[in-house]
Structure formats: C-alpha cells, structure tokens
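Observations on chain architecture
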Amino acid sequence: MAIRVAHIGTGNVGRLALTQLIADPRFDLTGLCVSSDAKVGKDAGELAGLDVSTGVAAMNELDAVLATEPECAVYCAMGDNRMGQAMRDCRRILAAGINLVGSSPVLMQYPWGVLPDKYITPLEEAAQQGNSSMYITGVDPGFANDLIPFAFAGTCQRIEQVRCMEIADYATYDGATVMFDVMGFGTPPDVIPMQLQPGMLGIAWGTAIRQLAAGFGITVDEITESHEREPAPQAFDIAAGHIPKGGQAALRFEVHGIVNGQPAIVIEHVTRLREDLRPDWPQPAQPGGSYRVEIVGEPSYTVDICPTSREGDHNHAAIVAAAGRIVNAIPAVVAGPPGIRTTLDMPLITGKGLFASTRSRS
C-alpha cells in the first residue's frame, strides 16, 4: 500500500522532491501547498516539470492540504528567512497527527544545544499530541556531515579531528534569496549579510557540530567561527543575478567545535562564483564542486563525494541528493516513534525500492 503524502514548497529542493513523490510508486500524492499565487491551481506534475497529470492541483492554504489526510508531509518551504513561520507550520502538521520530513527549518536537524528549549518543546509536545514524528535533513547540513562521517569514523581506532567540507562554484545556483540575502554575494565589504552576522554561522552549522559530537560521545565546550570574503575583480552575471565589481564573489568560512581547547569538529565551506577566484583556497575533487570528509586519526581518511547528474551540473546533483534523502526517509519516519528524529536514531536508509528495473506500484 502506497504511503499517502502531502507536499509543501516547490523551490529548488521542493520541486525535485515533488518529482520523486510523483514518480515513486511507494507514495501517493494527496495534496500540494505553494506560496506563489501564480502556481495555485496548476497540476503538481506541471510544477514538478513532468509531462504527466496527477489530478492534484496546487493550493496556498496549508490546512486545506492537511485535510487531504496524508500520513506524512514533505516540508520544503523556505525556512532561512522565515524560521518562525516554518516552526509554526511544523507544529500544525505534527499536532494534526501527520508525520513530517523536510529540508527546513534546518536547525531542527539537531536542535539540542543550538536552540533554546522554548523552540524545541512546542514541537516535541505537538509530536506527542499527534503521535507523529519529524525528521529534517539535506546534504549540508545533512548527510555530508552526519551520515558519511559516522560511517567512516566507525572504522577508526582513534580520532583527533573530523572536518566536513563543501567546495563549490555557486554561479549556477538559481536561488536569489539564499545567494544575496542570506549568503551576501554581491554585497560590498562593509555590508554584513545575514549568514555572517556574529554567531549566525555557529547557529546554522551548530546542528551538525552538536550531532557529530553526540554520536562520538564527546562534549563540545564552545563553537567558534571565522570567515574570509573575496570581492569581484570586475562585474559579472550569475544564474541568481548580477555581481558588481567589488561585491562579494567568493566566501570561505569555518565553524569549529572546540573540545579541550582544540578544534575537534570543523565544518568548512569554500564557495566561489568563478573558478579562478582564490586559487589558494581548497579546490574541489571534480570541476564545479564536491564534498569532502577528512578524518585525522588511526586510520586517517580523505573522502571526496562528487555528485553528478544527467539533468544538470554539480549544484543540481547536490539538490537532487538532498531531495532524495528527504523522500527516501518517509517510510522510516512513518514507522518510527513520535518526536524529533535525527540521523543518530534513524535506521539506515538504503536504496531499497529504487532500482528502475524492479519498481512497480503496489
């Protein structure tokens, strides 16, 4: 029997998650919620970019979508600049007895030690009220800095440091809000964007630091952060818009989980808008971008993850991976106990049911 699933959000991650929900015989799409009035009334297949008609028309009222009685909701609405509303949406979904997987609010990947209890407790109470569970994940923060490090660390006899890196050219990433408002690309050096406000990097990637520390059984004494910005040598255009001369065109940051005075867990991002910028910074393992996990210990590892796609470049492939991780978690979340779930207490999510030659609708 297919799992009844409602979907919320058709942005970069949401559209690709919706594509899988429609095509994957494990799921039955019951409803679709969108934020754009221009999308209301359109068929889910059209919004997913598929040449199919699903009979499910997009609505802009969350309650109307939840009234379609799904077992699970996939929540991919923007959360970076509307965290309060995203948290309220999640509470409504959980309290209604509907399980939830999604890409936001990203801090709910592992909120303990990152968010005050006043933000966590209402979601836990809603999950208990509705006998429902919640799992937020993605690629980074997500499987590139929880699942992958844990898999390799489990073979070590001793660990001194774990470093998780994203090294990518974002010129083809078509997300203006994230690129300009959140990350600050195109802004002059004297303008500090949302992500680089003091403490924000530590909050945004604190979930990854705290979850890794919990899995390793260590206590992080403090989380510190640092960053560098590189201005554009001349003006140029990217998928999301225009970068003026002197505006931020490359960004490198590190978030450190300090244990006994040493950076035991490090999250590092190197983001360029042109490959020729800051050649002295770390380079990806494949043209365009890759993820890297470095473990210093016995044995030590350098693991490069190189996502590719037949439908697009490295940025598209990474978004597909995030969407796939979310959608493939649905059966485990529906079957699991109520509450906020993390990678630490989720079963191993495999590729079961995904081989094209063996798929059929129940």
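None of these values were measured; they are calculated from a predicted model.

1. Focus: the sheet that holds strand E7 (residues 158–169)
- Reading across the sheet, the 6 strands line up as E8-E11-E12-E7-E13-E14 and stay open at both edges, with mixed pairing between neighbours. Whereas interior strands pair on both sides, the edge strands pair on one side only; in this sheet they are strand E8 (222–231) and strand E14 (301–305). In this sheet, neighbouring strand axes are inclined to one another by 10° on average, regardless of whether the strands run parallel or antiparallel.
- Bridge count for E8 against strand E11 (residues 248–259) is 10 bridges, and the pairing is antiparallel. In the strand pairing of E11, Ile-223 is matched with Gly-257.

2. A short note on the packing of aromatic side chains
- All told, the structure shown has 5 aromatic pairs when counted by the stated rule.
- Consider the rings of Phe-152 and Tyr-301, whose centres lie 5.1 Å apart with planes at 70°: the pair is edge-to-face. Remark: Tyr-301 occurs in strand E14 and Phe-152 occurs in helix H6 (residues 147–153); sequence separation between them is 149 residues.
- By relative accessible area, Phe-152 is classed as partly exposed at 28%.
- Over the aromatic face of Phe-236 sits the side chain of Arg-274, whose NZ or CZ is 5.2 Å from the ring centroid.

3. As for helix H1 (residues 12–23)
- Here H1 contains 12 residues, and its C-alpha end-to-end distance of 18 Å stays within 8% of the 16 Å for a straight helix at 1.5 Å per residue.
- Those residues of H1 that fall on the buried side of the exposure criterion are Gly-14, Leu-16, Ala-17, Leu-18, Gln-20, Leu-21 and Ile-22.
- Next to the buried residues of H1 lie strand E1 (3–8), strand E2 (27–33), helix H2 (44–47), strand E4 (72–75), helix H10 (314–328) and helix H11 (330–335).

4. Some words on the sheet that holds strand E15 (residues 339–341)
- Pairing is parallel in the open sheet, where 7 strands are placed in the order E3-E2-E1-E4-E5-E6-E15. Only two strands of the sheet have a single partner each, and these edge strands are strand E3 (58–59) and E15.
- Pairing of E4 with strand E5 (residues 99–102) involves 4 bridges; the strand directions are parallel. Counterpart to Cys-72 in the pairing with E5 is Asn-99.

5. Some words on a nonpolar patch on the surface
- Together, Met-194, Met-200 and Ile-203 make up an exposed nonpolar region whose accessible area comes to about 210 Å².
- Overall, the relative accessible area of 31% leaves Met-200 in the partly exposed class.

6. Describing the environment of Met-59
- On the secondary structure map, Met-59 appears in strand E3.
- Once the C-alpha coordinates of Met-59 and Cys-33 are considered, the two residues, 26 residues apart in sequence, prove to be 4.9 Å apart.
- Discounting chain neighbours no more than four positions away, the residues touching Met-59 are Leu-32, Cys-33, Val-34, Ala-64 and Val-65.

7. Some thoughts on unusual backbone geometry
- Of the consecutive residues Ser-104 and Pro-105, the connecting peptide bond is found in the cis state with omega at -5°.
- Secondary-structure assignment places Pro-105 in the loop between E5 and helix H5 (117–130).
- Residues other than glycine seldom take positive phi values, yet Asn-260 does so here, at roughly 55°.
- Secondary-structure assignment places Asn-260 in the loop between E11 and strand E12 (262–272).

8. Description of the nonpolar core
- Core analysis: the largest hydrophobic core is formed by 81 residues, its most contacted members being Val-74 and Ile-330.
- Those residues within four positions of Val-74 in sequence are excluded, and the remaining contacts are Val-5, Ala-6, His-7, Ile-8, Ala-17, Leu-21, Val-101, Ile-326 and Ile-330.
- Counting 27 residues, the second largest nonpolar core, distinct from the first, contains Ala-6, Leu-66, Ile-93 and Met-134.

9. Things to note about helix H9 (residues 206–216)
- For H9, the complete set of buried residues consists of Gly-206, Thr-207, Ala-208, Ile-209, Gln-211, Leu-212 and Ala-213.
- One or two steps after H9, the chain reaches Gly-217, where phi turns positive at roughly 75°.

10. Describing the side chain of Gln-211
- Structurally, Gln-211 is set in helix H9.
- Those residues in contact with Gln-211 that sit more than four places away from it in its chain are Gln-109, Tyr-110, Asp-146, Phe-150, Thr-342, Thr-343 and Leu-344.

11. Brief notes about the pattern of salt bridges
- In total, this model carries 15 salt bridges according to the counting rule given.
- Residues Glu-160 and Arg-158 are paired through a salt bridge, measuring 3.6 Å at the closest nitrogen-oxygen approach.
- Close ionic contact of Arg-163 with Glu-268 constitutes a salt bridge, the shortest N to O distance being 2.7 Å. Here Glu-268 lies in strand E12 and Arg-163 lies in strand E7, a separation of 105 residues in the sequence.
- Exposure remark for Glu-268: the relative accessible area of 2% places this residue in the buried category.
- One salt-bridge network, in which partners are shared between bridges, spans Asp-63, Arg-82, Asp-89 and Arg-92.

12. Notes on the packing of H1 against H10
- At a closest axis distance of 8 Å, the pairing of H1 and H10 adopts a crossing angle of 55°. On the basis of the axis angle, H1 is oblique to H10. Helix-helix and strand crossings are classified by hand; for H1 and H10 the assignment is right-handed. Facing H1, whose interface residues are Asn-12, Val-13, Arg-15, Leu-16, Ala-17, Gln-20 and Leu-21, H10 presents His-316, Ile-319, Val-320, Ala-323, Gly-324, Ile-326, Val-327 and Asn-328.
- Here the residues of the contact of H1 with H10 sort into 9 nonpolar, 5 polar and 1 charged.

The rules behind these values
Every chain is numbered independently, its residues counted from 1 as its sequence is written. Reporting of local features is limited, given that this is a predicted model, to residues whose pLDDT is at least 70; pairs of side-chain atoms are given and counted only at 80 or more, and all residues count toward the totals for whole chains, interfaces and linings. Heavy atoms throughout the structure, all of them, feed into the side-chain values; hydrogens and water do not. Pairing between strands requires that DSSP locate at least two bridges from one strand to the other. Put simply, DSSP marks the helices as runs of H or I at least four residues long and the strands as runs of E at least two long, and each gets a number from the N terminus on. Axis definition: a line fitted to C-alpha atoms, over the contacting stretch in the case of helices. Angles run 0 to 180 degrees between N-to-C directions. Centres within 6.5 Å make a pair out of two Phe, Tyr or Trp rings, where for Trp the six-membered ring is used; the pair is then stacked when the planes are under 30 degrees apart, edge-to-face when over 60, and tilted otherwise. A 1.4 Å probe rolled over the protein chains alone gives each residue an accessible area, and that area as a share of the maximum for its type sets the label: buried under 20%, exposed over 50%, partly exposed in between. Here, a charge over a ring means that NZ of Lys or CZ of Arg falls within 6 Å of the ring centre while also lying within 35 degrees of the ring normal. Working rule for helices: expected span equals 1.5 Å times residues minus one. Contact criterion: two residues are considered in contact whenever any of their non-hydrogen atoms come within 4.5 Å of each other. Residues enter patches when they are more than 30% accessible in relative terms and free of salt bridges; like-charged ones are connected within 9 Å and nonpolar ones (Val, Leu, Ile, Met, Phe, Trp, Tyr) within 5 Å. Areas reported as accessible are Shrake-Rupley estimates using a 1.4 Å probe. Residue values count occlusion only from the protein chains shown. We define a salt bridge as a contact between a side-chain nitrogen of Lys or Arg and a carboxyl oxygen of Asp or Glu at a distance within 4 Å. Think of a nonpolar core as a cluster: buried Ala, Val, Leu, Ile, Met, Phe, Trp, Tyr and Cys residues, connected wherever their side-chain atoms sit within 4.5 Å. When describing relative orientation, an angle under 35 degrees is termed roughly parallel and one over 145 degrees roughly antiparallel, while 65 to 115 degrees is termed roughly perpendicular and anything else oblique. Two helices that cross are described as forming a left-handed crossing if the nearer one is turned anticlockwise from the farther one by less than a right angle, and a right-handed crossing if clockwise. Note that Gly is not counted as nonpolar here; it falls among the polar residues with everything else outside the nonpolar set of Ala, Val, Leu, Ile, Met, Phe, Trp, Tyr, Cys and Pro and the charged set of Asp, Glu, Lys and Arg.

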